[in-house]
Amino acid sequence: RQNWKFVLGFIVFSLAFQFVQYWLQVNVIGVEFPEAAAIRSAAFTGATFIAFALLLSPIFKFFPKYTKYWYVRRSFGVMGFVFGAVHYFNVVTFLFQGNVANIFAFAFSEPIDPFLKPIIFAMLAYPIFFLMFLTSTDWAFDKLGNNKWKALHRLVYFAFLFLVFHFLLINP
């Protein structure tokens, strides 16, 4: 509530960033179908924002005078998850005809190999990112305590690795 102007501005920035990604998908990369452009632009926006959030940690470590902007890291992470969720719902809607069971049927049909079916890496990353999203509040930090909260949030590195594998295997 205290930084509502920042939050509103960051949401506008995020939507503009996603719109630019969509425009790039259609006009530069040449994705023919608007559904595919929506899926890809949400994925790229979410992954980029999560990468920015992770990149800010070493920046703050090497330049401690900027740690007062720590809330920007949280904003990138939260919006990264939001666009990841948009990507997920677009995939369910456009590729799996709105049926989540179709995703599991596809992912766990023979052969069950994440390198042949990159969706398995996404299925590993999404719950971790969801936990990060749920616990990215001061209230969650207070309830969990510093040690539990940090241990939980260190899982983000595994989730990001799964995200990278998912991306590389989808876009070889």
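Note that this is a predicted model, so its numbers are computed, not measured. (Residues numbered from 1 in each chain as written. Predicted model: local features only at pLDDT ≥ 70, side-chain atom pairs only at ≥ 80, totals over all residues. Heavy atoms only, no water.)

Chemist: Explain the environment of V92 here, please?
Modeler: In this structure, V92 sits in helix α3 (residues 70-95). Note on V92: relative accessible area 6%, which makes it buried. Sequence spacing of V92 and Y71 is 21 residues, and the spatial spacing of their C-alpha atoms is 32 Å. The contact partners of V92, leaving out residues within four places of it in the chain, are Q97, G98, N99, V100 and I103. (Helix = DSSP H or I, 4+ residues; strand = E, 2+ residues; numbered from the N terminus. Buried < 20%, exposed > 50% of the residue type's maximum accessible area, 1.4 Å probe, protein only. Contact = heavy atoms within 4.5 Å.)

Chemist: Would you take a moment to explain the nonpolar core for this structure?
Modeler: One recurring pattern in soluble globular proteins is that nonpolar side chains are buried together. Ranked by size, the top nonpolar core spans 13 residues in total, and within it A125, I128, F129, M132, V156, A159 and F162 carry the most contacts. Those elements giving two or more residues to this core turn out to be α2 (34-62), α3, α5 (119-134) and α8 (156-170). Looking at this core element by element, the count peaks at five residues for α5. If near-sequence neighbours (up to four positions away) are discounted, V156 is found in contact with L54, I128, F129 and M132. Of all hydrophobic cores here, the second largest spans nine residues; its members include A53, F60, F76 and F83. (Core = buried A, V, L, I, M, F, W, Y, C linked by side-chain atoms within 4.5 Å.)

Chemist: Mind showing me how you'd approach the pattern of salt bridges here?
Modeler: Pairs can form between side chains of opposite charge once their charged atoms are near each other. According to the stated counting rule, one finds one salt bridge in the structure shown. The partner of D138 in a salt bridge is R74, and the shortest N-O contact between them spans 2.8 Å. Here D138 is found in helix α6 (residues 138-144), whereas its partner R74 is found in helix α3, with 64 residues between them in sequence. By relative accessible area, which is 37% here, R74 ends up partly exposed. (Salt bridge = Lys/Arg side-chain N within 4 Å of Asp/Glu carboxyl O.)

Chemist: Explanation requested: the layout of surface pockets in the structure shown.
Modeler: The rolling of a water-molecule-sized probe over the atoms marks out the regions of remaining empty space. In this structure, the largest pocket spans a volume of roughly 1,000 Å³. Lining the largest pocket we find 40 residues, and of these A43, H87, A122, L163 and H166 sit closest to its centre. If you list the elements that add at least two residues to the lining of the largest pocket, you get α2, α3, α4 (100-107), α5 and α8. Sort the elements by how many residues they give to the lining of the largest pocket and α2 lands first, with ten residues. Among the residues forming the lining of the largest pocket, the class breakdown is 30 nonpolar, seven polar and three charged. One number sums up the size of the second largest pocket: a volume of about 650 Å³. Of all the elements in the fold, those that place two or more residues in the lining of the second largest pocket are α2, α3, α5, α6, α7 (146-153) and α8. For the lining of the second largest pocket, the per-class residue count stands at 14 nonpolar, four polar and six charged. (1 Å grid on protein atoms, 1.4 Å probe; cavity = no way out; pocket = protein on both sides within 12 Å on 5 of 7 lines; lining within 4 Å. Points joined across faces, edges and corners; volume = space filled by probe spheres on them. Nonpolar A, V, L, I, M, F, W, Y, C, P; charged D, E, K, R; others polar.)

Chemist: I'm lost on unusual backbone geometry in this one. Help?
Modeler: A negative phi holds for most residues other than glycine; trans holds for most peptide bonds. Residue P111 follows E110 across a cis peptide bond; omega there is -10°. Mapped onto the elements, P111 comes out in the loop between α4 and α5. The phi dihedral of Q97 is positive, around 50°, even though this residue is not glycine. Counting through the fold element by element, Q97 comes out in the loop between α3 and α4.

Read these as geometric descriptors, not functional statements.
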